[in-house]
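Per-entry structural report
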Amino acid sequence: KWRGLLFHRFLVATADEDDEVAEIAGAILVGPLALKQPKLFFNHFVESFFVLNCCTAHPIYVAAASAGDGGSGIAVGFDG
């Protein structure tokens with residue numbers, strides 16, 4: 001499922017320095033994925049705003065970061 005960490009990673013990849021990476025990430029997000037889940041951006045807009053701006057003091061960021069651990073207690077960060 002396209003939520004949380006995976007979605008944010010692809011958003012960041014659309015601004016990658018490598019043009020090929022950015023192009024592929026953008027194509028995936030607006031191509032077949034948009035057809036399959038048309039409300040994906042709408043549903044994750046606010047969460048993405050806080051995560052991509054590293055607003056660590058906000059509960060939305062804390063919840064998104066803790067969801068990245070998959071229940072293991074070892075969170076994967078949003079940085080690079």
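Details of the structure are given in the entry above.
Note that the structure is a prediction, hence the values are computed from the model and not measured.

Within the protein one finds 5 helices and 0 strands. N-terminal to C-terminal, the α/β element order of the protein is α-α-α-α-α. The buried share of the protein, reckoned over its 80 residues, is 29%. In the protein, of all internal contacts separated by at least 6 residues, the share reaching a separation of at least 24 is 48%.

Attention now moves to the packing of aromatic side chains. A full pass over the atoms with the stated rule returns 1 aromatic pair. Taken together, a centroid distance of 5.5 Å and an interplanar angle of 65° make the contact between Phe-7 and Phe-41 edge-to-face. Of the two residues, Phe-7 is situated in helix H1 (residues 4-13) and Phe-41 in helix H4 (residues 40-52); the sequence distance between them amounts to 34 residues.

Look at Phe-7 and you get buried, because its relative accessible area is 1%. Remark: the alpha-carbon pair of Phe-7 and Leu-29, spanning 22 residues in sequence, is separated by 8.7 Å.

Among the residues making up H1, those that are buried are Gly-4, Leu-5, Phe-7, His-8, Leu-11 and Ala-13. On its buried side, H1 packs onto helix H2 (19-30) and H4.

So, how was this worked out
Residues numbered from 1 in each chain as written. Predicted model: local features only at pLDDT ≥ 70, side-chain atom pairs only at ≥ 80, totals over all residues. Heavy atoms only, no water. Helix = DSSP H or I, 4+ residues; strand = E, 2+ residues; numbered from the N terminus. Buried < 20%, exposed > 50% of the residue type's maximum accessible area, 1.4 Å probe, protein only. Contact = heavy atoms within 4.5 Å. Phe/Tyr/Trp six-rings, centres within 6.5 Å; stacked < 30°, edge-to-face > 60°.

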